[in-house]
Amino acid sequence: MSRITHAEASRKAVLEARQQQEETPENKEERRRFAEEASSLWLITLSPLAWAIHFILSYGGAALYCARFAPAEFDPVPFMRLSIAGITVLALAVIGYVAWVSWRQWDYLDDYDYDHAKAVGEDRHEFLGHAAFLLSIMSAIAVIYVAMPAIFMETCR
């Protein structure tokens, strides 16, 4: 019986301590920064995700179109080229937007600082922008390389 009482008392003390921690201005600032950095983590994943979706739509769409929906009356290659060009432009637009936002977050032109070794909020924030910007460049190159076979495609076979 006394163990349950002791467990309840310690649980109550932990809850009170958490409530006191949540109400301090430092904790509010820390939660605000964490929410801001959480959006930066989404920013890092968005460009590779755009590349992956572009890859699936380009190759999967071309294979599916050639196998199932390509009409025998006319050449299906121009339609596939236009489709791949359209989704390539869309993917590059998304990647370009992410690159622009991450470039602004990196804030390189303000201090020409690309070293983010300190464990402080500003360095962490700029590092996430730097990483998202570099991932955007790699994703843009990958999207262009995925779209290049459409230029040389002659038939569905």
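Thresholds, definitions, all that
Residues numbered from 1 in each chain as written. Predicted model: local features only at pLDDT ≥ 70, side-chain atom pairs only at ≥ 80, totals over all residues. Heavy atoms only, no water. Helix = DSSP H or I, 4+ residues; strand = E, 2+ residues; numbered from the N terminus. Buried < 20%, exposed > 50% of the residue type's maximum accessible area, 1.4 Å probe, protein only. Areas by Shrake-Rupley, 256 points an atom, 1.4 Å probe, with all protein chains shown as cover. Polar contact = N/O pair within 3.5 Å; in protein donor to acceptor, adjacent residues only side chain to side chain. Contact = heavy atoms within 4.5 Å. Patch = residues over 30% accessible without salt bridge, like charges linked within 9 Å, V, L, I, M, F, W, Y side chains within 5 Å. Salt bridge = Lys/Arg side-chain N within 4 Å of Asp/Glu carboxyl O.

The next thing to look at is the overall build of the protein. A tally of regular secondary structure across the protein gives 6 helices and 0 strands. The order of α-helices and β-strands along the protein, N terminus first, is α-α-α-α-α-α. Counting only residues that meet the buried cut, the protein has 25% of its 157 residues in that class. Carbon and sulfur atoms make up 66% of the accessible area of the protein, which amounts to about 11500 Å² in all.

Right, let's talk about the side chain of S102 for a bit. In this structure, S102 sits in helix α3 (residues 77-106). Separated by 3.3 Å, the side chain of S102 and the backbone nitrogen of F133 make a polar contact. Apart from residues lying up to four places away in sequence, S102 is in contact with L43, G129, A132, F133 and S136.

Right, let's talk about a nonpolar patch on the surface for a bit. Taken together, L134, I137, I141, I144, Y145, M148, I151 and F152 make up a surface patch of nonpolar side chains, about 810 Å² in accessible area. Elements with a minimum of two residues in the nonpolar patch: α5 (121-147) and α6 (149-152). It is α5 that provides the largest number of residues to the nonpolar patch, a total of 5 residues. Relative to the elements of secondary structure, M148 occurs in the loop between α5 and α6. Owing to a relative accessible area of 33%, M148 belongs among the partly exposed residues under this scheme.

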